[in-house]
Amino acid sequence: MKLKKMMAMLLVGATCAGMMAGCGSSGSSNSSGSAESTGSGDKGTMTLIMSSRDEFLSTLESAALKAAEDAGVKLTSQDAQNDAAKQIQYIETAVNGGDIAVIVNPVDSDAAQSLVDAAGETPLVFVNRPPSDMNVLSAENVGFCGSNEDTSGYFQGEYLAEYFKSQGKTEISYVLLQGELGQVSQIKRCAGVLKALEDNGIKATSVVDLAGKYDRAEAMNKISPILTSGQKFDCIISNNDAMALGAIEACEAANVDPSSFPIVGIDCTKDGAAAVQAKKMAMTVYQNPTGQGKGAVEAALNLAAGKPANEGTEFTKDESGEAYSDSIVWIPFEPVTADNVADYL
């Protein structure tokens, strides 16, 4: 980071340490709900801006609050309720309040540059959802902490390929439950599972692709008509656990045994892991929300100190060789099946 910016950040840190409460204007109560760490604020204040709160993101949020507290940083968390404009407002409030860094779980990955612009010279870390254009991370005060979505769906595909090969099948049909259309995670998770199937000699044909929006109830509603139509398929592929669980509920409501064909998810949430243990879901892929929350705080503190986002982190560094590699902190995905699910409960 340039000397001018470094001096500015040190000045902000000193001001926040001296004023503490006055520096945290972004921590005021609001209609969208907020949460704060109980950190002393000796190292300044930061804001975490969530796109929304579900089981996974709430765990990430709790981990970030704990990591900030341990680091002596006062962290305020805001819920944008899937409103991209509100995220920009929260960033502006954090910057005007003197935060040393901002962490954001973006509503719209395509609009990442607008979030960077709103942050200005204040360090900004994207968490969980990366910018659609990773070149946004080339700015010296911008970082990303999350899991490599190129691998998540691939683990699903490897499992399914092994499963069907054991049955002597090389051609299958599938139902696909997709997350929010156009999001990086939705695109890469879908591409990854299909690539793994192809790489492992399985010809996979879609029966129907459904937009489940990562929502359990939405997935249940979308799957139910397929089950009652008599349409044949070999498996249900879901972009996350919540939709996979919705598919399981739809099966049970239609008197279809969900263990009679593979249903695969991603995230390894508490309910998802329980479904794998109960053999209602064939497998899931663990995405570490605790690691993402902790890693995002570490990355933000690094940037605020003028260091690369991934310096000194216990997590995985990016080895792509891109100009923005030092701006990335990877939290690895892990495949979870009946054989190892006990380790994740």
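On a predicted model such as this, the values are computed, not experimentally measured, just so you know.

1. Focus: the side chain of Ser173
Moving on, step 1. In this structure, Ser173 sits in strand S7 (residues 171–178).
Moving on, step 2. Ignoring sequence-local partners within four residues, the contact set of Ser173 consists of Thr205, Val207, Lys232, Phe233, Asp234 and Cys235.

2. A closer look at the pairing of strand S8 (residues 203–211)
Moving on, step 1. In terms of strand pairing, S7 meets S8 through eight bridges, oriented parallel. The residue of S8 that forms the bridge with Ile172 is Ala204.
Moving on, step 2. At this point the chain moves from S7, through helix H6 (residues 184–199), to the parallel S8, and the crossover so formed is right-handed.

3. Here we look at H6
Moving on, step 1. With 16 residues, H6 should cover 22 Å at 1.5 Å per step; its first-to-last C-alpha distance of 22 Å lies within 8% of that length.
Moving on, step 2. When H6 is considered as a whole, its buried residues turn out to be Val184, Ser185, Gln186, Arg189, Cys190, Gly192, Val193, Ala196 and Leu197.
Moving on, step 3. Lining the buried residues of H6 we find helix H5 (149–166), S7, S8 and strand S9 (235–238).
Moving on, step 4. Phi for Gly201, located one or two positions after H6, is positive at around 80°.

4. Details of helix H2 (residues 55–71)
Moving on, step 1. Here H2 spans 25 Å end to end across 17 residues, near enough to the 24 Å set by a 1.5 Å rise per residue.
Moving on, step 2. Against the buried residues of H2 lie strand S1 (34–36), strand S2 (45–50), strand S3 (74–79), strand S5 (124–127) and helix H10 (289–304).
Moving on, step 3. Between the side-chain oxygen of the N-cap and the backbone nitrogen of Phe56 there are 3.2 Å, and the N-cap of H2 in question is Asp54.
Moving on, step 4. With its phi angle positive at about 80°, Gly72 sits one or two positions after the end of H2.

5. So, the sheet that holds S8
Moving on, step 1. Strands sit in the order S8-S7-S9-S10 across an open sheet of four strands; the sheet is parallel. The open sheet is flanked by S8 and strand S10 (263–264), the only strands paired with a single partner.
Moving on, step 2. On top of the sheet, H5 reaches S7, S9 and S10; it is set at about 170° to S9, its chief contact.

6. Looking at the layout of surface pockets
Moving on, step 1. Estimates place the volume of the largest pocket at around 630 Å³.
Moving on, step 2. If you go around the largest pocket, you meet 33 residues; those closest to its centre are Asp54, Arg129, Lys213, Tyr214 and Asn240.
Moving on, step 3. Of the residues that constitute the lining of the largest pocket, the class distribution is eight nonpolar, eleven polar and 14 charged.

7. Concerning the nonpolar core
Moving on, step 1. Judged by nonpolar contacts, the single largest core of 29 residues is most densely connected at Met46, Leu48, Leu75, Ile103, Val125 and Val297.
Moving on, step 2. Of all the secondary-structure elements, those providing two or more residues to this core are S2, H2, strand S4 (101–104), S5 and H10.
Moving on, step 3. Considering every element that reaches this core, the biggest residue donor is H2, with eight residues.
Moving on, step 4. Not counting residues within four places of it along the chain, the set of residues in contact with Val125 comprises Val102, Ile103, Val104, Gly143, Phe144, Cys145, Ala296, Ala299, Ala300 and Leu303.
Moving on, step 5. Core analysis: the second largest hydrophobic core is formed by 27 residues, Leu177, Leu210, Ile226 and Ile248 among them.

8. Observations concerning the state of the cysteines
Moving on, step 1. Enumeration according to the criterion identifies zero disulfides in this entry.
Moving on, step 2. The thiol sulfur of Cys190 is not disulfide-bonded, and the nearest other cysteine sulfur, from Cys235, lies at 13 Å.
Moving on, step 3. For Cys190, a relative accessible area of 8% translates into the label buried.
Moving on, step 4. The thiol of Cys268 is not disulfide-bonded; the next cysteine sulfur, from Cys145, is found 18 Å away.
Moving on, step 5. The exposure class of Cys268 is buried, given its relative accessible area of 7%.

9. Here we look at the packing of helix H3 (residues 84–96) against helix H4 (residues 112–119)
Moving on, step 1. Across the interface, H3 lies against H4 with an axial gap of 8 Å and an inter-helix angle of 20°. Relative to H4, the element H3 is oriented roughly parallel. Considering the relative orientation of H3 and H4, their crossing is right-handed. Counting all contacts with H3, which are made through Gln87, Ile88, Ile91, Glu92 and Val95, the residues of H4 involved are Ser114, Leu115, Ala118 and Ala119.
Moving on, step 2. Among the residues making up the contact of H3 with H4, the classes are represented as six nonpolar, two polar and one charged.

Criteria and thresholds
- Residues numbered from 1 in each chain as written.
- Predicted model: local features only at pLDDT ≥ 70, side-chain atom pairs only at ≥ 80, totals over all residues.
- Heavy atoms only, no water.
- Helix = DSSP H or I, 4+ residues; strand = E, 2+ residues; numbered from the N terminus.
- Contact = heavy atoms within 4.5 Å.
- Pairing = 2+ DSSP bridges.
- Right-handed = clockwise from strand over helix to strand, strands pointing away.
- Expected span 1.5 Å × (residues − 1).
- Buried < 20%, exposed > 50% of the residue type's maximum accessible area, 1.4 Å probe, protein only.
- Polar contact = N/O pair within 3.5 Å; in protein donor to acceptor, adjacent residues only side chain to side chain.
- Axes fitted to C-alpha atoms, helices over the stretch in contact; angles between N-to-C directions.
- 1 Å grid on protein atoms, 1.4 Å probe; cavity = no way out; pocket = protein on both sides within 12 Å on 5 of 7 lines; lining within 4 Å.
- Points joined across faces, edges and corners; volume = space filled by probe spheres on them.
- Nonpolar A, V, L, I, M, F, W, Y, C, P; charged D, E, K, R; others polar.
- Core = buried A, V, L, I, M, F, W, Y, C linked by side-chain atoms within 4.5 Å.
- Disulfide = S-S within 2.5 Å.
- Parallel < 35°, antiparallel > 145°, perpendicular 65-115°, else oblique.
- Left-handed = near helix turned anticlockwise from the far one by under 90°.

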